[in-house]
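So the chains spell out like this:
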Number of protein chains: 2
Amino acid sequence: MDNFNLGSMVRDHRKKAGLTQLELANLAGVGKTTVFDIEKNKETVRWNNLLAVLEVLNIKVEFTSPLTK
Amino acid sequence: MDNFNLGSMVRDHRKKAGLTQLELANLAGVGKTTVFDIEKNKETVRWNNLLAVLEVLNIKVEFTSPLTK
DNA sequence: TTACAATTACTGTTATAACGGTAAAAACGT
DNA sequence: ACGTTTTTACCGTTATAACAGTAATTGTAA
């Protein structure tokens, strides 16, 4: 029912990668607080920082709309 | 070949919705500069601001990974 | 071309995310 | 239980995104 939670997804992937928040932060080139905030679903993080974290975890982002074919 | 451009997508959708940058900004509750920046692919915008703009344009975001089934 | 509308670019101010440090609280293993 | 690691929470400082002007440039329609 579409209550998707990005924070949980990030956390799950990080765990499966065997990384701590600090290690992930360093790999992504962001501060540990940012990783913490992302996992807590704080949406005021910067888009580029979120992207950097997702990239490390091999999570792809897709944008779709009714106009998308 | 995967040179996806979010800025162009936002611009296209905005045009098709018949909105100016300023109108979109107001609808999304962000400043006009932010809309401009998004269309220019400036990735340092805040995630929540980007989300607000995408929502107005009815663009959905999806996160996928090899672990996603 | 001429007006008008929209976009782009720049500026100064304000709000706040990012960051590292620290410390307390949870989680984990032995 | 115990010690170790990780996570959570809070803090002060710094960097910078967000914002509303404004003006210049580009685009559009007549």
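Scroll up for the structure.
Residues numbered from 1 in each chain as written. Chains lettered and ligands numbered in written order. Predicted model: local features only at pLDDT ≥ 70, side-chain atom pairs only at ≥ 80, totals over all residues. Heavy atoms only, no water.

## Regarding the pattern of salt bridges
In step 1: As enumerated under the stated definition, the model contains six salt bridges over all chains in all.
In step 2: Residues joined by salt bridges that share partners form a network here, namely A:Arg11, A:Arg14 and A:Glu39. (Salt bridge = Lys/Arg side-chain N within 4 Å of Asp/Glu carboxyl O.)

## Here's the deal with unusual backbone geometry
Excluding glycine, most residues fall at negative phi; most peptide bonds, likewise, are trans.
Residues and elements named next belong to chain A.
In step 1: Notably, asparagine 58 is not glycine yet its phi reads approximately 60°, a positive angle.
In step 2: Mapped onto the elements of the fold, asparagine 58 is located in the loop between helix 4 (47–56) and strand 1 (60–64).
In step 3: Here asparagine 58 falls in the partly exposed class, since its relative accessible area comes to 36%. (Helix = DSSP H or I, 4+ residues; strand = E, 2+ residues; numbered from the N terminus. Buried < 20%, exposed > 50% of the residue type's maximum accessible area, 1.4 Å probe, protein only.)

## Section: the protein's contact with DNA strand C
In step 1: In the region of DNA strand C, 18 residues are neighbours, and A:Gly31, A:Lys32, A:Thr34, A:Arg46 and B:Arg14 sit closest.
In step 2: Residue A:Lys32 places a side-chain N or O atom 2.9 Å away from a base oxygen belonging to DNA strand C.
In step 3: Separating a phosphate oxygen of DNA strand C from a side-chain N or O atom of B:Arg14 is a distance of 2.6 Å.
In step 4: Secondary structure elements with two or more residues in the surface near DNA strand C: helix 3 (32–39) of chain A together with helix 1 (6–16) of chain B.
In step 5: Class assignment for the residues of the surface near DNA strand C results in three nonpolar, eight polar and seven charged. (Near = heavy atom within 4 Å. Polar contact = N/O pair within 3.5 Å; in protein donor to acceptor, adjacent residues only side chain to side chain. Nonpolar A, V, L, I, M, F, W, Y, C, P; charged D, E, K, R; others polar.)

## So, the protein's contact with DNA strand D
In step 1: The full set close to DNA strand D counts 18 residues, and A:Arg11, A:Arg14, B:Gly31, B:Thr34 and B:Arg46 are the nearest of them.
In step 2: A:Arg14 is positioned with one of its side-chain polar atoms (N or O) 2.6 Å from a phosphate oxygen of DNA strand D.
In step 3: A distance of 3.4 Å is found between a phosphate oxygen of DNA strand D and a side-chain nitrogen or oxygen belonging to A:Lys15.
In step 4: Listed by contribution, the elements that provide at least two residues to the surface near DNA strand D are helix 1 (6–16) of chain A together with helix 3 (32–39) of chain B.

## Overview of the interface of chain A and chain B
In step 1: Counting residues at the interface gives 25 residues for chain A, matched by 25 residues for chain B.
In step 2: For the pair chain A and chain B, the summed buried surface comes to about 2200 Å²; carbon and sulfur atoms form 67% of the total.
In step 3: Considering only the surface of chain A that becomes buried against chain B, A:Glu43, A:Trp47 and A:Phe63 emerge as the three largest contributors, covering 30% of it.
In step 4: Across the contact surface, chain A and chain B share zero salt bridges.
In step 5: Elements represented by at least two residues in the side of chain A that touches chain B include exactly helix 1, helix 4 and strand 1 of chain A.
In step 6: Taken together, the residues of the side of chain A that touches chain B break down into 13 nonpolar, seven polar and five charged.
In step 7: With five bridges joining them, strand 1 of chain A and strand 1 (residues 60–64) of chain B adopt antiparallel strand pairing. Looking across to strand 1 of chain B, one finds that A:Thr64 is bridged to B:Lys60. (Contact = heavy atoms within 4.5 Å. Buried area = accessible area lost by both parts, 1.4 Å probe. Pairing = 2+ DSSP bridges.)

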